[in-house]
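A look at the structure
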Amino acid sequence: QKEGYDHYMLKEIHEQPMALRRALRGRIDAGIEVPAWLLDHPDGVPVRFVACGTSYHAALYAVELLQKRGISAQASLASEFATSPPPLVDGSVVVGVTQSGETADTLGALRRASEAGARTLAVTNVVGSTAARECDDAIFIRAGPEIGVAATKTFSSQVVTLALLAERLADADTGILQALSTVPDALQYVLDHTTAPQVARTYADASAYFFVGRGVAHSVSLEGALKLKEISYEHAEGFPAGELKHGPLALVTPETPVFAIETGDHSDRMRGTVEEVQARGAPVVAVTHPESAVAAAAETVLPIPETHPELAGLLANAQLQLLSYHTARLLDRPVDKPRNLAKSVTVE
Ligand code: F6R
């Protein structure tokens with residue numbers, strides 16, 4: 001069933017263009033199906049997301065897209081939401097982002113929200129899952145089955161589905177729909193032309209790996225670090241680029257490559273970040289368009305084609321998935337079944 005790939009993870013990374021075409025089908029011209037109560041929810045009451053792990057990173061990505069459209073939004077880790085729920089006012093909406101639809105922490109948070117009177121929506125991959133059944137409504141990400149423990153294609157499908165949702169809730173056309181229709185081909189281009197195997201080899205002896213970005217690239221930095229630690233067992237951290245100087249910079253040395261993710265809308269500030277870490281001797285890998293100023297300043301580039309800045313994070317994330325995969329291979333890790341982890345975490 002791996003269809004010639006050595007691992008499910010690599011197969012699923014390569015299935016992303018197809019998965020995204022499926023997620024988008026019929027939803028660009030007609031708009032994605034959204035429950036009326038979400039379309040009509042009161043202005044100023046935040047759309048609250050609850051999720052865990054990779055799905056939480058997709059939720060953070062969505063928060064950025066909604067806020068850019070003037071819609072108040074927040075993402076909480078589901079385990080935190082369940083133990084310390086925020087006060088929910090009338091008209092509150094809570095969106096559970098969960099690939100499996102079975103993650104106990106996310107189900108717990110959704111149940112708390114529902115008990116407190118909020119309307120709940122599941123954004124999930126699995127029709128008939130507990131989240132899909134228990135929430136007031138569900139939207140499906142249509143990624144197809146994901147076998148590898150590391151979530152890859154489901155993250156991309158979540159982001160695309162949530163981008164469609166953000167645009168549907170927005171008052172004005174932001175141009176993202178046209179860009180979304182070209183994203184499967186752009187992602188294919190990244191997969192066909194990646195230099196991730198060489199970059200993985202160059203830094204295989206690193207003592208730690210740092211990922212930094214702003215805006216949607218911040219969520220991608222967290223996801224890049226999670227994927228790398230999960231399957232390679234290497235120390236990796238993601239930071240908002242602006243936070244480096246408030247502490248994490250103390251960790252930066254010539255042995256810690258810094259992956260600077262730049263999506264096209266924070267170029268000047270990211271150049272500053274690159275200079276900050278280079279001054280401490282760290283090699284910089286720019287994950288961005290090759291013509292960008294950040295690429296020019298970096299030692300190495302993991303290139304992505306030019307696209308809408310809100311979608312460039314998805315392309316950058318595919319490069320980081322491949323970086324994790326190839327690093328784990330070099331270190332001889334069991335890519336599809338990393339130690340201590342399960343595909344679906346059904347205990348709180
Ligand atoms: C990471 C990973 C986990 C899941 C998390 C939530 O690669 O797979 O972090 O994203 O356990 O799972 P779902 O989306 O099924 O709720």
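Now for a description of the structure that goes with this document. Because the structure is a prediction, the values reported are computed rather than measured.

The rules behind each value
Residues numbered from 1 in each chain as written. Predicted model: local features only at pLDDT ≥ 70, side-chain atom pairs only at ≥ 80, totals over all residues. Heavy atoms only, no water. Near = heavy atom within 4 Å. Polar contact = N/O pair within 3.5 Å; in protein donor to acceptor, adjacent residues only side chain to side chain. Areas by Shrake-Rupley, 256 points an atom, 1.4 Å probe, with all protein chains shown as cover. Helix = DSSP H or I, 4+ residues; strand = E, 2+ residues; numbered from the N terminus. Expected span 1.5 Å × (residues − 1). Buried < 20%, exposed > 50% of the residue type's maximum accessible area, 1.4 Å probe, protein only. Arc of directions from axis to C-beta. Contact = heavy atoms within 4.5 Å. Salt bridge = Lys/Arg side-chain N within 4 Å of Asp/Glu carboxyl O. Core = buried A, V, L, I, M, F, W, Y, C linked by side-chain atoms within 4.5 Å. Pairing = 2+ DSSP bridges. Right-handed = clockwise from strand over helix to strand, strands pointing away.

Describing the site of the ligand
In the vicinity of the ligand, 13 residues are found, and the nearest of them are Ser-55, Thr-98, Gln-99, Ser-100 and Thr-103. For the ligand, an oxygen atom lies 2.5 Å from a polar atom in the side chain of Ser-55. Contact between the ligand and Ser-100: an oxygen atom at 2.6 Å from a side-chain N or O atom of the residue. Coverage of the ligand by the protein chains reaches 89% of its 410 Å² of free accessible surface.

Details of helix 12 (residues 267-278)
An ideal rise of 1.5 Å per residue puts 16 Å on 12 residues; helix 12 measures up with 16 Å between its terminal C-alpha atoms. The set of residues buried in helix 12 consists of Met-270, Thr-273, Val-274 and Val-277. The buried side chains of helix 12 occupy one side of the element, clustering within an arc of 100° when seen end-on. Facing away from the buried side of helix 12 by over 90 degrees, the exposed positions are Asp-268 and Arg-269. On its buried face, helix 12 is in contact with strand 6 (209-213), strand 8 (258-261), strand 9 (284-288) and helix 13 (293-297).

Remarks on the pattern of salt bridges
This model, assessed by the stated rule, comprises 14 salt bridges. In this structure, Arg-271 and Glu-275 form a salt bridge, with 3.2 Å as the shortest nitrogen-oxygen distance. Linking Arg-271 with Glu-275, this pair stays in helix 12, spanning 4 residues, or about one helical turn. The partly exposed category is assigned to Arg-271, whose relative accessible area is 32%. For Glu-275, a relative accessible area of 42% corresponds to the partly exposed category.

Re the nonpolar core
Membership of the largest hydrophobic core comes to 81 residues, with the highest contact counts inside it found for Phe-49, Phe-211, Phe-259 and Leu-320. Sorting elements by how many residues they give to this core places helix 14 (residues 309-330) first, with 11 residues. By size, the runner-up hydrophobic cluster in this structure holds 19 residues, among which are Val-212, Ala-241, Val-258 and Ala-298.

Quick look at the pairing of strand 1 (residues 47-51)
Burial analysis of strand 1 places 5 of its 5 residues in the buried class, the great majority of the element. Side chains Val-47, Phe-49 and Ala-51 project from strand 1 onto one buried face, and the interleaved Arg-48 and Val-50 project onto a second face that is buried too. When strand 1 meets strand 2 (residues 73-77), the two strands line up parallel, connected through 5 bridges. Bridge pairing links Ala-51 to Leu-77 in strand 2. As for the winding sense of the linkage, the β-α-β connection from strand 1 through helix 4 (residues 53-68) to strand 2 is right-handed. Pairing analysis gives 4 bridges linking strand 1 to strand 3 (residues 93-98), with the strands arranged parallel. Directly across from Phe-49, in strand 3, lies its bridge partner Val-95.

Shape is all these values report; function is a separate question.
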